[in-house]
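Summary of the model geometry
Residues per chain are reported as follows:
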Number of protein chains: 2
Amino acid sequence: MADLVKKPVTGMRDILPSEMTIRNYCMNVIRGTYESYGFVNIETPVVESLANLTSKQGGDNEKLMFRILKRGEKLRIDEAKNEDDLSDAGLRYDLTVPLSRYYAAHQAELMNPFKAIQIGSSFRAERPQKGRFRQFTQCDIDIFGEPSNLAEIELILATSQALTNLGFSGFQVRVNDRRLLRAMADYSGFPADSFDQVCISLDKLDKIGRDGVEGELSGQGLPAASIDRYLGLFDVMEMTEGYGDKPAAQVLEQFAARLGDALPHLVLENLTEILTTVEEAKGDAGFQLVFDPTLVRGMGYYTGTIYEIAMPQFGGACGGGGRYDGMVGRFTGTDVPACGFSIGFERIIMLLMEQGFTIPDAPARTAFLIEKGVAGTRLSEILKEADALRREGRQVLTIRRMKNTKFQKQQLAERGFEDIREFFRDAEHDA
Amino acid sequence: MADLVKKPVTGMRDILPSEMTIRNYCMNVIRGTYESYGFVNIETPVVESLANLTSKQGGDNEKLMFRILKRGEKLRIDEAKNEDDLSDAGLRYDLTVPLSRYYAAHQAELMNPFKAIQIGSSFRAERPQKGRFRQFTQCDIDIFGEPSNLAEIELILATSQALTNLGFSGFQVRVNDRRLLRAMADYSGFPADSFDQVCISLDKLDKIGRDGVEGELSGQGLPAASIDRYLGLFDVMEMTEGYGDKPAAQVLEQFAARLGDALPHLVLENLTEILTTVEEAKGDAGFQLVFDPTLVRGMGYYTGTIYEIAMPQFGGACGGGGRYDGMVGRFTGTDVPACGFSIGFERIIMLLMEQGFTIPDAPARTAFLIEKGVAGTRLSEILKEADALRREGRQVLTIRRMKNTKFQKQQLAERGFEDIREFFRDAEHDA
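**Some words on the overall build of chain A**
Looking only at helices and strands, chain A features 16 helices and 14 strands. Reported as C-alpha extents along the three principal axes, the dimensions of chain A are approximately 90 × 65 × 45 Å. A burial count over chain A gives 56% of its 431 residues as buried. Total accessible area computed for chain A in this model is approximately 18,000 Å², and 48% of it derives from carbon and sulfur atoms. Distance between charge centres in chain A, computed from 51 positive and 63 negative side chains, equals 8 Å.

Right under this line is the structure:
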């Protein structure tokens, strides 16, 4: 028999009680916020058919998939030539592919439009690094069946409200549209088939800078004139003094003016509506709405609006999403308007932990230290007393009193037990 | 590319919103109850090292394990001879093995005694059948580091309180001890090495009856005199008129009298203490405590007390657990007292769904039906109005008004939206 292993498997982790308290609190706040917008909870299995996980909907995440080994007679190791012979299912790498399958399977039983909350684990075999885990929690909301931008407006308002309810402020919601990215490429005269590559380079603007993007595009043999024209587009952003402080719709207007006819009017109108309505509806909510023509979002399935949460405390995105009107049709043959927003739960938790977050209105805690040997009726009376306190809303821990009572009380105090009571075999000594 | 699959993978299932509402409610009630007893939440990965999952701690569940295929260079399909060459990790089949690993890894950071809540998914490749799924949720509490029966007493009280808080009453908590089962076999004169087999047969008493057990034991070549003596033990149970209504400790006393010296005094004293203290401490709680010498519990890792929840509405057990003082030592070399109680969450949910359970104090629901084309400032004013209602604690759904408004209103009414408001492009028509 192999030796037992104390550590969790590579890249996954055990969660300690102090973090769990924060995770559960945040999950409840996020879920409660989304429920207040009329979203309903659903759950899909963490295991998904391999066909669905390898349908190119998952982009690079498909390469990071964990596969499940076939079982019993289905497993023919001697005949197997490749992974597909050994496996017909895998662990999901996101919640979007399973949700689309779910909608395709249950459409008739669901409200139309269908507004879903899905909170659950996804799995990716990424190289272990800070804040990235091979099992991680995602909190997604999605709206199926709403073609108008009411979907985007609601997703942005609900998600920023959830973050606000967690105590975050000063974050940005950055908005763009895949069709605007397309218009930018067309305007610049890039060949149509280079669009994906142009987006991949633009996506790195933050990291490699304008010169870096220029270098990458040149390296791919794209015409210098197009590259110039493309990068020139962003001058208007830099020119706009206080770019981040101007209303997003105004920045969009200036940017769109440069694109002229390359940008279809309906796309501009749609994005403008989203930006102005969110701006008005958010009232004095402490986040900033930004139009960001450099926002790309990696997933190839997006068909329209895309958006991302940026936190000043954190380099990368803490959430994001967009419209993906084509995915359900992959399952059913009929496209259904679909739009989602995913909160990067692990990053949110990491930020809160780093800030020393404490739960508001945590229940009061009492500890009963019961001397060894206290038993029978005496013990049951003490347990009843604990129960009476619980009915008053307190958390009551009943444990044996240690010989090193000082250490025990200190441990308890560190965990928020301010009320500590001692019970002895002889009730007269109780304290 | 393979065709996409609409159905969930075999034996797993999608959960619809109506069930999710009940699941989340129950999970919160269970978690909240356990927290009120001072238990703390933890989480372990669903993927576990193969060495830990094949250490014989999981009994028959090990055979039902899903394995994860190795990735990248570690996967050598051409050289593979068996499953162990293809896989070094699997999906957990219970929460107990991962919890023991967790405790072994993090002992120094945890309170002593450590009282843990673990709610999560486990996976078993069982043949699909009603109420059995290949992915299922378990709600476990465990106490590590408490050698006295205060652990068992608390686990039984907390678990029955959780079920009571869910509205269950009239259920039984059946209690036994593996050492008493051993004493019964010794008393009967069975050979020591037949103990496991005797227990496996006894465990079927419910299903195959006394004659069936007798047949099985004879079939294994066990001495007829021993079998007679063994089955004779249960006469005292049948003799005890109103067996289920007598205090459990009294039934135990009568039963133990038959066993005489075969039953170590400390085992009897321990079990008696548990039964009397729980009986006294439970007060008027609506469950029944039962001593059941035919209770076996399958898992080989139990070392002492064992217990089970039986519901009159349901044939099998709705939860169970026991003491397993030897498991942490498998990881660390030093045994640690350990005791747990697991609620069969899927069965609880199934029972509640069958009873047409509705959530107490569900939030009031309002639906805003917004005419197509309502946009801009008019839309943001409506969204602000929805938000004001949300701050009052209502759930407010904002969706487009359908042409078939009658159908839409009916769908909404079925989902608990009693307050439906309509908004038109011309505000004067609002209703």
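Now, onward.
**Re the nonpolar core**
All names here are of chain A. Membership of the largest hydrophobic core comes to 117 residues, with the highest contact counts inside it found for Met184, Tyr230, Phe255 and Met311. Looking at this core, the element that brings in the most residues is helix H5 (residues 150–165), giving nine residues. Apart from the residues lying within four places of it in its own chain, the contact partners of tyrosine 230 are Met184, Ala185, Ser188, Phe190, Val198, Leu202 and Leu217.

**Quick look at the sheet that holds strand S14 (residues 419–423) of chain A**
All names here are of chain A. Within the open sheet, the three strands sit side by side as S13-S12-S14. Their pairing is parallel. Two strands bound the open sheet, and with one partner strand each, they are strand S13 (395–400) and S14. For this sheet, the mean inter-axis angle between neighbouring strands, taken without regard to orientation, is 20°. Where strand S12 (residues 365–370) and S14 come together, five bridges link them in parallel fashion. Bridge pairing in S14 links isoleucine 370 to phenylalanine 423. Relative to the sheet, helix H15 (residues 376–391) contacts S12, S13 and S14, its axis offset from that of S12 by approximately 175°.

**Quick notes on the relation of the copies chain B and chain A**
Here chain B sits on chain A after a turn of 180° about the axis and a move of 0.0 Å along it, with an RMSD of 0.0 Å. Look at the turn and shift together and you get a two-fold axis relating the two. Relative to the rotation axis, the closest C-alpha in chain B is found at B:Ile68, a distance of 2.3 Å. A shared interface surface links the copies, since 100% of the contact residues of chain B are contact residues in chain A too.

**Section: the pairing of strand S9 (residues 305–310) of chain B**
Residue and element names in this part refer to chain B. Burial within S9 is extensive, with six of its six residues counted as buried. Looking at chain direction, strand S7 (residues 172–177) and S9 are connected through six bridges and run antiparallel. Opposite valine 175, over in S9, you have tyrosine 307 as the bridge partner. Here S9 folds back onto strand S10 (residues 317–323), and the loop between the two strands holds six residues.

**Some words on the interface of chain B and chain A**
The interface of chain B with chain A comprises 104 residues on the first partner and 104 residues on the second. Interface area for chain B against chain A, summed over the two sides, is near 9,000 Å², with a carbon-plus-sulfur share of 60%. Interface area lost by chain B to chain A is led by B:Leu4, B:Arg71 and B:Met111, which between them contribute 8%. Salt-bridge contacts for A:Arg390 lead to B:Glu154; the nearest nitrogen and oxygen are separated by 4.0 Å. The interface formed by chain B and chain A contains 38 residue pairs in polar contact (both at pLDDT 80 or more). In terms of residue count, helix H15 (residues 376–391) of chain B provides more of the side of chain B that touches chain A than any other element does, eight residues in total.

**Re the pairing of S7(B)**
When a strand is regular, its side chains alternate between the sheet's two faces. Residue and element names in this part refer to chain B. Most of S7 sits inside the fold, with five of its six residues counted as buried. Bridging between S7 and strand S8 (residues 288–291) involves four bridges; their strand directions are parallel. Along S8, the bridge assignment pairs arginine 174 with valine 290.

**Here we look at a negative patch on the surface**
Taken together, A:Glu279, A:Glu280, B:Glu381 and B:Glu385 make up a surface patch of like negative charges. Contributing elements (two or more residues each) for the negative patch: helix H12 (265–281) of chain A together with H15 of chain B. The topology assignment puts A:Glu279 in helix H12.

**Points about the packing of H15(A) against helix H5 (residues 150–165) of chain B**
In helix packing, the relevant descriptors are the interaxial angle and the interaxial distance, both defined with respect to the helix axes. For the pair H15(A) and H5(B), the least separation of the axes is 12 Å and the interaxial angle reads 35°. Crossing handedness for the pair H15(A) and H5(B): right-handed. In this structure, H15(A) contributes A:Leu379, A:Leu383, A:Asp387 and A:Arg390 to the contact, and H5(B) contributes B:Leu150, B:Ile153, B:Glu154, B:Leu157 and B:Gln161. Considering only residue class, the contact of H15(A) with H5(B) consists of five nonpolar, one polar and three charged.

**Things to note about the packing of helix H6 (residues 178–188) of chain A against helix H7 (residues 195–202) of chain A**
Residue and element names in this part refer to chain A. One can describe the packing of H6 onto H7 by two numbers: an axis separation of 10 Å at closest approach and a directional angle of 105°. Judged on the interaxial angle alone, H7 and H6 are roughly perpendicular. Every residue of H7 that contacts H6 at Arg178, Leu181, Arg182, Met184 and Ala185 is listed here: Phe195, Cys199 and Leu202. Within the contact of H6 with H7, the residues separate by chemical class into six nonpolar, no polar and two charged.

**Details of the sheet that holds strand S12 (residues 365–370) of chain B**
Residue and element names in this part refer to chain B. Here three strands make up an open sheet; going across it, the order is S13-S12-S14 and the pairing parallel. In this open sheet, the two strands that pair with only one neighbour each are strand S13 (395–400) and strand S14 (419–423). If you compare each strand with its neighbour and ignore which way they point, the axes differ by 20° on average. Pairing analysis gives six bridges linking S12 to S13, with the strands arranged parallel. Of the residues in S13, the one forming a bridge with alanine 367 is leucine 397.

**Looking at the confidence of the model for chain A**
For chain A, mean pLDDT is 93; residues scoring 70 or higher make up 98% of the total. Across the predicted assembly, pTM comes out at 0.95 and ipTM at 0.94.

**Let's talk about H15(B)**
The end-to-end C-alpha separation of H15(B) is 23 Å, in line with the 22 Å expected for 16 residues at 1.5 Å each. Turning to H15(B), its buried residues are B:Leu379, B:Ser380, B:Ile382, B:Leu383, B:Ala386, B:Asp387, B:Leu389 and B:Arg390. Buried residues belonging to H15(B) abut helix H1 (17–36), H5 and H12 of chain A together with S12, S13 and S14 of chain B. Phi for B:Gly393, located one or two positions after H15(B), is positive at around 100°.

**Thoughts on unusual backbone geometry**
Trans is the common state for peptide bonds, and a negative phi is the common state for residues other than glycine. The omega angle of the peptide bond from A:Asn112 to A:Pro113 is -5°, so this bond is cis rather than trans. With respect to the secondary-structure elements, A:Pro113 resides in the loop between helix H4 (96–106) and strand S5 (114–123). With phi around 60°, B:Arg297 is a residue other than glycine that occupies positive phi space. Position of B:Arg297 relative to the elements: it lies in the loop between S8 and S9. When its relative accessible area of 18% is taken as the criterion, B:Arg297 is described as buried. In this structure, B:Asp361 takes a positive phi of about 55° despite not being glycine. Tracing the backbone shows B:Asp361 in the loop between helix H14 (345–354) and S12.

Conventions we followed
Numbering of residues starts from 1 in every chain and runs along the sequence as written. Following the order in which they are written, the chains are lettered starting with A and the ligands numbered starting with 1. Owing to the predicted nature of the model, reporting of local features is limited to residues with pLDDT of at least 70; listing and counting of side-chain atom pairs is limited to 80 or more, with chain, interface and lining totals taken over all residues. Side-chain numbers come from the whole structure's heavy atoms, not from hydrogens or water. Secondary structure elements follow DSSP: runs of H or I of four or more residues count as helices, runs of E of two or more count as strands, with numbering from the N terminus. We call a residue buried when its accessible area falls under 20% of the maximum for its residue type, exposed when it is over 50%, and partly exposed in between, using a 1.4 Å probe and counting protein chains only. To measure how exposed things are, a 1.4 Å probe is used in the Shrake-Rupley method; for residues, cover is taken only from the protein chains shown. This count recognises Lys and Arg as positive and Asp and Glu as negative, with His and chain-terminal groups excluded. Note on charges: their place is set at NZ of Lys, CZ of Arg, CG of Asp or CD of Glu. Note on terminology: a nonpolar core comprises buried Ala, Val, Leu, Ile, Met, Phe, Trp, Tyr and Cys residues joined through side-chain atoms within 4.5 Å. Two residues qualify as a contact provided that any one of their heavy atoms is within 4.5 Å of a heavy atom in the partner residue. Pairing between two strands requires that DSSP report at least two bridges joining them. The axes are straight lines fitted to the C-alpha atoms, using for helices just the contacting stretch, and the angles between their N-to-C directions are given from 0 to 180°. For this overlay, a least-squares fit was computed on C-alpha atoms, restricted to residues scoring pLDDT of at least 70 in both copies. By convention, the term buried area covers the 1.4 Å-probe accessible surface removed from two parts as they join, with the contributions of both added. We define a salt bridge as a side-chain nitrogen of Lys or Arg found within 4 Å of a carboxyl oxygen belonging to Asp or Glu. Under the rule applied, a polar contact is a pair of N or O atoms within 3.5 Å (in protein, one hydrogen donor and one hydrogen acceptor; residues adjacent in sequence only if both atoms are side-chain atoms). Patch membership needs two things, relative accessible area over 30% and no salt bridge, and members are linked within 9 Å if like-charged or within 5 Å if nonpolar (Val, Leu, Ile, Met, Phe, Trp, Tyr). Handedness of a crossing is defined here by the sense of rotation of the near helix relative to the far one, left-handed for an anticlockwise turn of less than a right angle and right-handed for a clockwise turn. When residues are sorted by character, Ala, Val, Leu, Ile, Met, Phe, Trp, Tyr, Cys and Pro go into the nonpolar class, Asp, Glu, Lys and Arg into the charged class, and all the rest, Gly among them, into the polar class. Just so you know how the angles are binned, under 35 degrees is roughly parallel, over 145 roughly antiparallel, 65 to 115 roughly perpendicular, and the rest oblique. Note on scores: pLDDT gives the predictor's confidence for each residue, bounded by 0 and 100. The span expected for a helix works out to 1.5 Å for each residue beyond the first.

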